[in-house]
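Architecture and fold: a report
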Amino acid sequence: MDLKDMRCVEAIAETGSFVRAAEKLNMSQPSVSARMRSLEAKLGATLFLREPRGVVLTPEGAELLVHARRILLQFREAEDDLAAFQRAPVGLVRLGLPTSLTASLAVPLLERCQAELPNVKLRIVESMSGYLAQWLREEKIDFALTFGASAPDLNILPLAREALLLVGSNAATVADLTDNDGSVSMRRLANIPLILPGPEHGLRSLIEDQARQQAVPLNVKIEIDALGEIRRLVARNMGYTIMSSAAYADGELHDLGAALIRRPSISRVINLATLAGRAQSRALKAVSQFVQLAVEDLVDQKEHFSGVSE
């Protein structure tokens, strides 16, 4: 197979016609047909069926189209990058941010990109870390900040470590659980009513793993995958929650009380994740540098953030 094969497959699928595909590619219709017959013979599979309404893909053809579009996209990105190498980075960059970090990072990143990368359009998508990793694999986003362990199909660059806090409706409710140093030990979490994300959420898994290691029984009273609603439920004194320091600091409900969890502490690593094997445009590399600088600023400016080696 070669790039012309891929272009033919894409054009036939998009136009539903060998004739219109040939016109789109500035080729003769017999040449397109001959190339597809040869490709089907090489692959040992039928790629297209001729029906009254036009040409349609077989399941084998649909599978090849997925690969063809990916190959052609990378080829076009390579052409664009080389053509623009002497100019400022240009293009669309899609960044995934975890909900807990969006308030801290989104606006500074957008402002910096507009000021320093005027030809780059930054699109920020907010979701849970696990969803962002899946969207990376599906190439719906270009890179993301994620939490948790590495994966063989993702390139992971650890950037910072973030401590987790126990959060209650006010300072007094949290103070009842703190030790002399103002922190909360893991054993104090035993059986208090908790409001947490569902079991699929990475934060929930981290909390439960740590509790299991310390033989601390957890009483999860409410499960909800919505950070804003968790804050509101805690504010109504319906239970406590465990959240990241960034999520607590940037929350809209500032009367909540919080204390650092220690003995042992619970923390998670903030990673910069990209899809392994995928070429990175100059625009993506430039925005990636801005993201790394923004996370470094969090380490310098916000409490309970540290470098990954600390």
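Residues numbered from 1 in each chain as written. Predicted model: local features only at pLDDT ≥ 70, side-chain atom pairs only at ≥ 80, totals over all residues. Heavy atoms only, no water.

**Quick word on the packing of helix α5 (residues 99-116) against helix α11 (residues 282-301)**
Helix packing for two helices is described by the angle between their axes and how far apart those axes are. Running from N to C, α5 and α11 point in directions that differ by 135 degrees, and their axes come no closer than 10 Å. Overall, the two elements α5 and α11 adopt an arrangement that is oblique. Between α5 and α11 the crossing geometry is right-handed. Listed contacts from α11 to Leu101, Ser104, Leu105, Leu109, Arg112, Cys113 and Glu116 of α5 are Val287, Phe290, Val291, Leu293, Ala294, Val295 and Leu298. By residue class, the composition of the contact of α5 with α11 is 11 nonpolar, 1 polar and 2 charged. (Axes fitted to C-alpha atoms, helices over the stretch in contact; angles between N-to-C directions. Helix = DSSP H or I, 4+ residues; strand = E, 2+ residues; numbered from the N terminus. Parallel < 35°, antiparallel > 145°, perpendicular 65-115°, else oblique. Left-handed = near helix turned anticlockwise from the far one by under 90°. Contact = heavy atoms within 4.5 Å. Nonpolar A, V, L, I, M, F, W, Y, C, P; charged D, E, K, R; others polar.)

**With respect to the layout of surface pockets**
Estimates place the volume of the largest pocket at around 540 Å³. Lining the largest pocket are 26 residues, with Leu73, Glu77, Leu92, Asp142 and Arg278 sitting closest to its centre. Taken together, the elements giving at least two residues each to the lining of the largest pocket come down to α4 (59-83), β3 (91-98), β12 (267-275) and α11. Per element, the largest residue contribution to the lining of the largest pocket is 6 residues, and it comes from α4. Here the lining of the largest pocket is composed, by residue class, of 10 nonpolar, 4 polar and 12 charged. (1 Å grid on protein atoms, 1.4 Å probe; cavity = no way out; pocket = protein on both sides within 12 Å on 5 of 7 lines; lining within 4 Å. Points joined across faces, edges and corners; volume = space filled by probe spheres on them.)

**Side note on unusual backbone geometry**
Between Arg263 and the following residue, Pro264, the backbone shows a cis peptide bond with an omega angle of -10 degrees. Mapped onto the elements of the fold, Pro264 is located in the loop between β11 (257-262) and β12. Although it is not a glycine, Glu139 sits at a positive phi angle of roughly 60 degrees. Tracing the chain through its elements places Glu139 in the loop between α6 (129-137) and β5 (143-147). Of note in this structure, His304 is not a glycine but carries a positive phi near 75 degrees. Mapped onto the elements, His304 comes out in the loop between α11 and β13 (305-306).

**Some thoughts on the nonpolar core**
Ranked by size, the top nonpolar core spans 29 residues in total, and within it Leu101, Leu105, Leu145 and Val287 carry the most contacts. Counting only elements with at least two residues in this core, the list comes to β3, α5, β4 (120-127), β5, β6 (154-168), β12 and α11. The element that contributes the greatest number of residues to this core is α11, accounting for 9 residues. When neighbours within four sequence positions are excluded, Leu105 is seen to be in contact with Leu97, Leu145, Ala294, Val295 and Leu298. Within the second largest apolar cluster, 19 residues are counted, among which are Leu166, Ile207, Tyr240 and Ile261. (Core = buried A, V, L, I, M, F, W, Y, C linked by side-chain atoms within 4.5 Å. Buried < 20%, exposed > 50% of the residue type's maximum accessible area, 1.4 Å probe, protein only.)

**Things to note about the environment of Ile156**
Looking at where Ile156 falls in the secondary structure, it is placed in strand β6. For the pair Ile156 and Ser185, spaced 29 residues apart in the sequence, the C-alpha separation amounts to 31 Å. With residues up to four places along the chain from it excluded, the contact list for Ile156 reads Thr146, Ser150, Ala151, Asn271, Leu272 and Ala273.

**Some words on the packing of aromatic side chains**
Tallied over the full model, the rule gives 2 aromatic pairs. A centroid spacing of 5.9 Å and a plane angle of 75 degrees characterise the contact between Phe18 and Phe48, whose relative ring orientation is edge-to-face. On the criterion of sequence distance, the pair formed by Phe18 in helix α2 (residues 18-25) and Phe48 in strand β1 (residues 48-51) is long-range, its members being 30 residues apart. By the burial criterion, Phe18 is buried, and Phe48 matches it. An angle of 20 degrees between the planes, with centres 6.4 Å apart, marks the rings of Tyr131 and Trp135 as stacked. Of this pair, Tyr131 and Trp135 both sit in helix α6, 4 residues apart, roughly one helical turn. The side chain of Arg50 reaches across the aromatic face of Phe18, ending 4.5 Å from its centre. Sitting over the ring of Phe147, Arg268 keeps its end group 3.6 Å from the ring centre. (Phe/Tyr/Trp six-rings, centres within 6.5 Å; stacked < 30°, edge-to-face > 60°. Lys NZ or Arg CZ within 6 Å of the ring centre and 35° of its normal.)

**Side note on α6**
Taken as a whole, α6 has its buried residues at Ser129, Leu132, Ala133 and Leu136. An end-on view of α6 places all buried positions within 100 degrees of arc, on one side of the element. Two residues or fewer after α6 comes Glu139, characterised by a positive phi angle close to 60 degrees. (Arc of directions from axis to C-beta.)

**As for the confidence of the model for the protein**
In the predicted model, the protein carries a mean pLDDT of 90, and 96% of its residues have values of at least 70. No element of the protein has a lower mean pLDDT than helix α10 (residues 245-249), which averages 83, and none a higher one than strand β8 (residues 193-196), which averages 96. (pLDDT = per-residue confidence, 0-100.)

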